[in-house]
Amino acid sequence: EPEVTQTPSHQVTQMGQEVILRCVPISNHLYFYWYRQILGQKVEFLVSFYNNEISEKSEIFDDQFSVERPDGSNFTLKIRSTKLEDSAMYFCASSEEGRNNQPQHFGDGTRLSIL
Amino acid sequence: SQKIEQNSEALNIQEGKTATLTCNYTNYSPAYLQWYRQDPGRGPVFLLLIRENEKEKRKERLKVTFDTTLKQSLFHITASQPADSATYLCALPLKRGAQKLVFGQGTRLTINP
């Protein structure tokens, strides 16, 4: 069964540094998402992406964050000037369609630890 | 804004019994609602999606109901097995037409042999 893959599984970074989290969505999916989950808390939406542009974003997704689809298969989340509170699991998800009640399929996440 | 409450943080069930998890939401009624399973250190795994015009959806030992009057969804696992032990998440779109999913805090289900 096709799946969403994320790399790396664990990223340790010094505060203030930039990180790039990578995702390969399911190949025939058109909508891509990033969520995060701080330890012990709910899964929170960050951003959705369709047709090479952001379609929705949350209040969490400020200028510190950016997303990109650099080629036909990868989808990345960049976090600039990382802060301690950015430590969390970051999940990528994809769906066939965004507005027509299609399920979102998640990867296993990247655990980001900011020191 | 939309809020989701899942009935309890933890639920312990004897193997073979039916586990029933509850998801309540406030404000508007969503066009659909989804249930996910999450194991420790893993991403959410999609289980079932139920639309507002569907009262019930089944998949193998899983059953989901959706009552838009009560603003509630129930998730049932029949003939539960220890392998069903996980955290189960309810999720629905923030508003109609939105892609953004809002998740509940989850119910940690333990099936005791």
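See the structure above.
Every value quoted in this text rests on a predicted model; they were computed, and no experiment measured them. (Residues numbered from 1 in each chain as written. Chains lettered and ligands numbered in written order. Predicted model: local features only at pLDDT ≥ 70, side-chain atom pairs only at ≥ 80, totals over all residues. Heavy atoms only, no water.)

Q: Lay out the overall build of chain B in plain terms, naming residues and giving numbers.
A: Looking only at helices and strands, chain B has zero helices and eleven strands in total. Traced from its N-terminal end to its C-terminal end, chain B shows the element sequence β-β-β-β-β-β-β-β-β-β-β. Against the 2.2 N^0.38 benchmark of 13 Å for 113 residues, chain B shows a C-alpha radius of gyration of 13 Å, consistent with a compact globule. Counting over 113 residues, chain B shows a buried share of 48%. Across chain B, every contact between residues at least 6 apart in sequence was considered, and the portion connecting residues at least 24 apart equals 55%. Accessible surface for chain B amounts to roughly 5,300 Å². Of this, 49% is attributable to carbon and sulfur atoms. Charged side chains of chain B number 16 positive and 10 negative; the gap between the two group centres comes to 5 Å. (Helix = DSSP H or I, 4+ residues; strand = E, 2+ residues; numbered from the N terminus. Rg over C-alpha atoms; globule rule 2.2 N^0.38 Å. Buried < 20%, exposed > 50% of the residue type's maximum accessible area, 1.4 Å probe, protein only. Contact = heavy atoms within 4.5 Å. Areas by Shrake-Rupley, 256 points an atom, 1.4 Å probe, with all protein chains shown as cover. Lys, Arg positive; Asp, Glu negative; His and termini not counted. Charge placed at Lys NZ, Arg CZ, Asp CG, Glu CD.)

Q: Hey, could you go over the overall build of chain A for me, with residue numbers and the actual values?
A: Looking only at helices and strands, one finds zero helices and eleven strands in chain A. Put simply, chain A runs from its N terminus to its C terminus through helices and strands in the order β-β-β-β-β-β-β-β-β-β-β. Across its three principal axes, chain A shows a C-alpha extent of roughly 40 × 30 × 30 Å. Counting across all 115 residues of chain A, residues that qualify as buried make up 46%.

Q: Residues and numbers for the environment of K3 of chain B, please.
A: Residue and element names in this part refer to chain B. Residue placement: K3 occurs in the segment before β1 (4-6). Exposure remark for K3: the relative accessible area of 54% places this residue in the exposed category. Distance from K3 to T26, taken between C-alpha atoms, is 5.5 Å for residues 23 residues apart in sequence. In this structure K3 touches N24, Y25 and T26, once residues within four positions along its chain are discounted.

Q: Hey, could you go over unusual backbone geometry for me, with residue numbers and the actual values?
A: Following T7 of chain A, the chain continues into P8 of chain A via a peptide bond in cis, with omega recorded as -10 degrees. Considering the arrangement of structural elements, one finds P8 of chain A in the loop between β1 (5-7) and β2 (10-13). One non-glycine residue, K71 of chain B, lies in the positive phi region at around 55 degrees. One can find K71 of chain B in the loop between β7 (62-67) and β8 (72-77). Not every positive phi belongs to a glycine, and A79 of chain B is a case in point at roughly 50 degrees. By secondary structure assignment, the location of A79 of chain B is in the loop between β8 and β9 (86-93). The class of A79 of chain B is partly exposed, set by a relative accessible area of 40%.

Q: Give a description of the sheet that holds β1 of chain B that names residues and reports values.
A: Picture the strands of a sheet paired through backbone hydrogen bonds; they go either parallel or antiparallel. Residues and elements named next belong to chain B. On the basis of which strands lie adjacent, the open sheet formed by five strands has the order β1-β3-β8-β7-β6 and antiparallel pairing. Either end of the sheet is taken by a strand with one partner, and the two such strands are β1 and β6 (56-59). On average, adjacent strands in this sheet sit at an angle of 15 degrees to one another, irrespective of strand direction. The pairing of β7 with β8 spans six bridges and is antiparallel. Paired with F66 across the strands is S73, a residue of β8. (Pairing = 2+ DSSP bridges. Axes fitted to C-alpha atoms, helices over the stretch in contact; angles between N-to-C directions.)

Q: Requested: an account of the interface of chain A and chain B, with residues and values cited.
A: Each side of the interface is counted separately: chain A has 26 residues, and chain B has 22 residues. Between chain A and chain B lies a buried interface of about 1,900 Å² when both sides are counted; carbon and sulfur atoms form 49% of it. For chain A, the biggest contributors to the area lost against chain B are K42, N101 and D108 of chain A; these three give 28% of the whole. The closest approach of N and O atoms between R42 of chain B and D108 of chain A, which form a salt bridge, is 2.8 Å. (Buried area = accessible area lost by both parts, 1.4 Å probe. Salt bridge = Lys/Arg side-chain N within 4 Å of Asp/Glu carboxyl O.)

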